[in-house]
Amino acid sequence: MDEATLRSEMVRLAKSLFDRGFSVGSAGNISAAVDGGFLMTPTNSSLGNLDPDRISRLDADWNHIGGDKPSKEVFLHRAFYKTRPGTGAVVHLHSTYATALSCLETTDPDDCIPPLTPYVVMRVGTVKMVPYATPGDPKTGDLIRALNGDCAAVLLGNHGPVVSGQDLLSAVYAAEELEETAKLLVILKQTRKRYLSDEDVAELKARFS
Ligand code: 13P
């Protein structure tokens, strides 16, 4: 995809996320790989109202070379591209239910999203949680790098989800799937649930990963 088309896609998908309440105010940020570097949503911008010409442009070493100042979360995006070869996009949201799980003491930090439905296994996989750090703290990048690329999606403690994908559309779809599964988990929290079996999960991973 050429850069102009990718800019338009970022504007379209970010607005779609915003319009459906997956982000509010100026929360959330998105990056995507482009020839010779990266595009990233500017800091303090609303995902509902991006200007394609003002999206931040960074070179391959993450130097800011065009557009508005990039998101302060550049460190956490960078960690996914570094540790997961083939990453084409990263989406960070403060979507309500995934953020709720990131605040619950009962969430297992090594497996935040148990296999409730097939699509969360297929599109998201195992989700781990990293401890809370101040937004924009480079420490978050270190915490994600320490996972050695094991997870396409991570919850930031008391903050929200970060999801990577091979391209922008699949990262957005995975972020949506993660949020909807988190919602089911919160809704079903007080009731006994049936999870997919280990065999079901293995079959899904073999067929769709
Ligand atoms: P930016 O406005 O710098 O992208 O930060 C928003 C955010 O979601 C912080 O986690």
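For the structure given in this document, a descriptive report is provided here. Computed from a predicted model, the values in this text were never measured in an experiment.

**Re unusual backbone geometry**
Both trends apply: most residues other than glycine have a negative phi, and most peptide bonds are in trans. In this structure, Asn148 takes a positive phi of about 55 degrees despite not being glycine. Structurally, Asn148 is set in the loop between α5 (139–145) and β7 (153–156). Exposure remark for Asn148: the relative accessible area of 61% places this residue in the exposed category. One non-glycine residue with positive phi stands out, namely Asn158, at about 50 degrees. Counting through the fold element by element, Asn158 comes out in the loop between β7 and β8 (160–165).

**A short note on the packing of helix α3 (residues 96–103) against helix α6 (residues 168–187)**
Packed helix pairs are characterised by how far apart their axes lie and by the angle those axes make with each other. At their nearest, the axes of α3 and α6 sit 7 Å apart, and the two run at 60 degrees to each other. By the criterion of interaxial angle, the relationship of α3 to α6 is oblique. α3 and α6 meet at a crossing whose hand is left-handed. Contact residues: α3 offers Thr96, Tyr97, Ala98, Ala100 and Leu101, while α6 offers Glu179, Ala182, Lys183, Leu185 and Val186. Here the contact of α3 with α6 is composed, by residue class, of 7 nonpolar, 1 polar and 2 charged.

**Things to note about the site of the ligand**
In the vicinity of the ligand, the residues found are Ser26, Ala27, Gly28, Asn29, Thr43, Asn44, Ser71, Lys72, Glu73, His92, His94 and His159. Side-chain polar atom of His159 to an oxygen atom of the ligand: 2.8 Å apart, as the coordinates give it. Protein chains bury 96% of the 310 Å² of accessible surface belonging to the ligand in isolation.

Rules and cut-offs
Every chain begins its residue count from 1, and numbering advances along the sequence as written. Owing to the predicted nature of the model, reporting of local features is limited to residues with pLDDT of at least 70; listing and counting of side-chain atom pairs is limited to 80 or more, with chain, interface and lining totals taken over all residues. The basis for every side-chain value is the complete set of non-hydrogen atoms in the structure, without hydrogens or water. Strands here are runs of E lasting at least two residues and helices are runs of H or I lasting at least four, both read from the DSSP assignment and numbered beginning at the N terminus. Partly exposed residues are those whose accessible area sits between 20% and 50% of the maximum for their type, while under 20% is buried and over 50% is exposed, using a 1.4 Å probe and protein chains only. Interaxial angle, 0 to 180 degrees, is taken between N-to-C directions of lines fitted to C-alpha atoms, where a helix line uses only the stretch in contact. We call two directions roughly parallel when the angle between them is under 35 degrees, roughly antiparallel when it is over 145, roughly perpendicular when it lies between 65 and 115, and oblique otherwise. Handedness of each helix crossing follows the sense of rotation of the near helix against the far helix: counterclockwise by less than a right angle gives left-handed, clockwise gives right-handed. Here, residues are in contact when the closest pair of their heavy atoms is within 4.5 Å. For this classification, Asp, Glu, Lys and Arg are treated as charged, while Ala, Val, Leu, Ile, Met, Phe, Trp, Tyr, Cys and Pro are nonpolar and the rest, including Gly, are polar. It suffices for a single heavy atom of a residue to lie within 4 Å of a molecule or strand for the residue to be listed as near it. The definition of a polar contact used here is a pair of N or O atoms within 3.5 Å, where within protein one atom must be able to donate a hydrogen and the other to accept one, and adjacent residues in sequence count solely through side-chain atom pairs. Using a 1.4 Å probe, accessible areas were evaluated by the Shrake-Rupley method; residue-level cover was limited to the displayed protein chains.

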